[in-house]
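Listed here are the chains, written in short residue letters.
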Amino acid sequence: MELSTIKTALELLGNASKGLESVRERAKTSSDAALKESISKLYDDFLDLKAIILRLTEENTELRRQISQSVEKPPMPEIRQVGETNYYFVGDQGPYCQPCYIRNSKLVDLMPQQRFAGGTGRKCPVCFTVFFEVLASPERMRIKNYWE
């Protein structure tokens, strides 16, 4: 329930209470026993309804408090260096692609470590960026001339 709904319900309850109390006072001077009994029963039922509404309002307030406490913000990714490269991690989970997170705020798992021509690293399955954790040695990267 919204606060305005609760306020409106309590105002209606207050107005009904005043009206019922007025009718009850008038019935006291009446000689009709059945009318007095009916109004007394109605008044008792009204008081029960009022108690239930107050309990529901308190319960609603408590549930809203619990919900607001239980809704946690997702943890922010942190950058950690692995070899020659910095990756995003969330706790022990990761590594995640830097460009995908920076551009789209999406945590994209990187592929398992593999060997590439430029060294050992990981590749993003979304943006296809290759991150080198261990660079290949210059001798390995050099293209061999078969005529030498």
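What you are looking at is a predicted structure, and each value in this text was computed from that prediction instead of being measured. (Residues numbered from 1 in each chain as written. Predicted model: local features only at pLDDT ≥ 70, side-chain atom pairs only at ≥ 80, totals over all residues. Heavy atoms only, no water.)

Draft legend 1. Just the sheet that holds strand 5 (residues 119–123), in detail. Taken together, 3 strands build an open sheet; the order of strands is 4-5-6 and the sheet is antiparallel. Taken across any chain shown, the strands that pair with only one partner, and hence form the sheet edges, are strand 4 (114–116) and strand 6 (130–135). With direction set aside, neighbouring strand axes in the sheet form an average angle of 45°. Inspection of the sheet shows strand 5 paired to strand 6 by 5 bridges, in the antiparallel sense. Residue pairing across strands places Thr 120 opposite Val 134, the latter belonging to strand 6. (Pairing = 2+ DSSP bridges. Helix = DSSP H or I, 4+ residues; strand = E, 2+ residues; numbered from the N terminus. Axes fitted to C-alpha atoms, helices over the stretch in contact; angles between N-to-C directions.)

Draft legend 2. Structural view of the sheet that holds strand 2 (residues 85–90). Strand order in the open sheet formed by 3 strands is 1-2-3, and the pairing between neighbours is antiparallel. Each having just a single partner strand, strand 1 (78–82) and strand 3 (93–96) make up the two edges of the open sheet. Between one strand and the next, the sheet's axes are offset by a mean angle of 40°, whatever the strand orientation. Pairing between strand 2 and strand 3: 2 bridges, direction antiparallel. Counted as the bridge partner of Tyr 88 is Tyr 96 from strand 3.

Draft legend 3. Focus on unusual backbone geometry. Gly 94 connects to Pro 95 through a cis peptide bond whose omega is 10°. Relative to the assigned elements, Pro 95 resides in strand 3. A positive phi is found at Ser 105, a non-glycine position, where the angle reads about 55°. Relative to the helices and strands, Ser 105 is located in the loop between helix 3 (98–104) and strand 4. Its relative accessible area of 55% is what places Ser 105 among the exposed residues. (Buried < 20%, exposed > 50% of the residue type's maximum accessible area, 1.4 Å probe, protein only.)

Draft legend 4. Representation of the packing of aromatic side chains in the model. Per the stated rule, a full pass over the model turns up 4 aromatic pairs. Note on Tyr 88 and Tyr 101: the rings are 4.8 Å apart at their centroids and 55° apart in plane angle, and the pair reads as tilted. Of this pair, Tyr 88 sits in strand 2 while Tyr 101 sits in helix 3, and the two are 13 residues apart along the sequence. Judged by relative accessible area, Tyr 88 falls into the buried class, the value being 10%. Ring centres 6.1 Å apart and planes at 85° place the aromatic pair Phe 116 and Phe 132 in the edge-to-face group. Within this pair, whereas Phe 116 is found in strand 4, its partner Phe 132 is found in strand 6, the two being separated by 16 residues in sequence. Note on Phe 132: relative accessible area 25%, which makes it partly exposed. (Phe/Tyr/Trp six-rings, centres within 6.5 Å; stacked < 30°, edge-to-face > 60°.)

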